[in-house]
Structure formats: structure tokens, C-alpha cells
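Now for the letters of each chain:
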Amino acid sequence: MQKTLVILLLSIVLFSCDQKPETAAAPQEKKGYWTALDKIRTKETNPRPVIILDAGHGGIDPGGLSNHDSTELNVKEKDLTLYMSEQLYKKLDKDRFNVIRIRKKDTDFHRHERTRYIEQANPDLLISLHTNWDRDSNTNGFEFAYSGRILNYVDTNKKKPLGDTVNIKNPFAEQLTKYCQTLSANTKRAFSGMRNRGIKERTDRIWMLYGVHYPSLLVEFGFVTGKHDIFYYQKTSDSLDMFVNILAKSITSFFPPPPDSVYVPPFGMMPAMEAKE
Ligand SMILES: [Zn+2]
């Protein structure tokens, strides 16, 4: 009983600490804008982590096309990403996670629309689901990517970036690398015949990685144009389901279950604590 009381009091103290605004008053010249660090520092702990599933492409944007002669192997990336998103949504425990899908059907969203939606949802993790594409059918394999730097200044009135030259080092990079290592190892174990293209710290400003201020990860499960990978997308193959299982398990294990004491999300609060002067 006494122990419960101590934990309760500790929770209250720590919780009220979290409520304190950690953001310093914005300097005058930045009025009307917020910065990535402002956003990250105001991220609060969440007992039910928000996971956003972004099924890449959609609608008029098909993503990568296999253009295969066989009807069964003639696939579009937008369909594969939607399938993965839907399956992953079903697999994640809704009591544990608040799972949000950016698209639930074949609709297209502009990248700025997606990021605006993401900013409002304040996610603990964003997974952007894709399959890769290349001119050379010999290019095959899976990879995971995050951005080394993230966009800093955004106009709060127009919800638009002020230009894409002002950026900061991604404060989630270290945790994202750790998470990708787990994902990569588990994927390799399940798909021993698939090429592991590794974990990429992207510098080419992929919007879903570069334009958001939350832990954001890009998944490329194979190449639709790959002569080896194409068979993973066959209707008769359960590869996509197996891969989704790996994603679901990794999310569940990376975010610890709500404990008796204080919950600390693996991505969310770390930069804020580090940023304390
Ligand atoms: Zn894509």
C-alpha cells in the first residue's frame, strides 16, 4: 500500500514536471514561426503511444510499377503499401497504441497535407511504408531509412516550410538507428534470400523524413522492378504478411507496455531531456 502511494506520488511529481513548458520564449525575430526544437521540446509523454502508418503514394500517384508481363506480377506500389498499412493496423493492439492511418483507401494526398496531418497527431513514431523501384531488374532488397537532418523553420500561419535550407541534426537519429537495426536483423532472419540493403541515413530530403518533427522511418520492402523481389508480392505469397508481422512485433517490443510506474516513450522524451541546459 505504502509502495503504491510512493509510486503514485512519484508519478504525480514527474507528470507535473512534464507539464512544465520546456520551450523558451521564442526570440522576437522568430515570431510567427516555430522551430523543430520548439516542437520536440513540447512533446509530452503519452501513455498510449501514437503510431502513424503512412501508406506511400495513392490515387493518381501509383508509386513504383512492376510493368510485368504476367498479370499476377503486374503490381503497383500504392496497392502494396496500402495492403501493408491495413494489415499492420489490424495487428497492432489498440489498447496499447493509438494507431492512425494516413490513408485507408486509394486516395492521393499531397506531401504537405500528410505532414500537416502528422503534426496535429503528435506521433511517437511515423512509419512510411514503401516498396522500391529501379531501372535495373538486378536491383533487389529491403532497406530502412531515416533523415540525418530535419527541417527547422515552418510558418505557423500558412503551415508551410520557409524554404528547405534551414535544418537541424535529427535528434531522433540515434534511437531510430537502434530501432532500424532490430528491424533489419529480424527482416533478414525471416527473409534470408532477400538482399539486405542496410540502414540509410538519407540526406536527400525525403519529405516524410525531413519535413516532420517526430521520429520518422521509411521502410522499403523490396523492389517492384526487381526480378528476384517481385515474387514476394505474389498473391499466393505470404511475404507481405510476414513482413508486417515483423513490423508489428518490433513496435510492440520497442515501446514498453504501460508500466505500474512512469512511462517513458523510447523516442519522444529523449531529445527534450538531452536538450535541458
Ligand atoms: Zn515509394
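Notes on the structure in this doc start here. All figures in this text were calculated on a predicted structure; none of them were measured in a lab. (Residues numbered from 1 in each chain as written. Predicted model: local features only at pLDDT ≥ 70, side-chain atom pairs only at ≥ 80, totals over all residues.)

Some details on helix α5 (residues 173–190)
Here α5 contains 18 residues, and its C-alpha end-to-end distance of 25 Å stays within 8% of the 26 Å for a straight helix at 1.5 Å per residue. Restricting attention to buried positions, one finds in α5 the residues Gln 175, Leu 176, Tyr 179, Cys 180, Leu 183, Ser 184 and Thr 187. Angularly, the buried residues of α5 cover 165° about the axis, an arc narrow enough to put them on a single face. Exposed side chains of α5 directed beyond 90 degrees from the buried face belong to Glu 174, Gln 181 and Arg 189. (Helix = DSSP H or I, 4+ residues; strand = E, 2+ residues; numbered from the N terminus. Expected span 1.5 Å × (residues − 1). Buried ≥ 20, exposed ≤ 12 C-beta atoms within 10 Å, placed from the backbone. Arc of directions from axis to C-beta.)

Some details on the packing of α5 against helix α7 (residues 239–254)
Two numbers describe how α5 lies on α7: the axes approach to 10 Å, and their chain directions differ by 145°. Between α5 and α7 lies a crossing of right-handed hand. On α7, the residues touching Tyr 179, Thr 182, Leu 183, Asn 186, Thr 187 and Ala 190 of α5 are Met 242, Phe 243, Ile 246, Ser 250 and Phe 254. Partitioned by chemical class, the residues of the contact of α5 with α7 number seven nonpolar, four polar and no charged. (Axes fitted to C-alpha atoms, helices over the stretch in contact; angles between N-to-C directions. Left-handed = near helix turned anticlockwise from the far one by under 90°. Contact = placed C-beta atoms within 7 Å. Nonpolar A, V, L, I, M, F, W, Y, C, P; charged D, E, K, R; others polar.)

Some points on the nonpolar core
Core analysis: the largest hydrophobic core is formed by 49 residues, its most contacted members being Ile 51, Leu 53, Leu 126, Ile 127, Cys 180, Leu 217 and Val 219. Examining the composition of this core, we find that five residues originate from one element, strand β11 (residues 216–223), more than from any other. Contact partners of Val 219, with chain neighbours within four places excluded, come to Ile 127, Ser 128, Leu 129, His 130 and Phe 144. (Core = buried A, V, L, I, M, F, W, Y, C linked by C-beta atoms within 7 Å.)

Function cannot be read off these values alone, since they describe shape.
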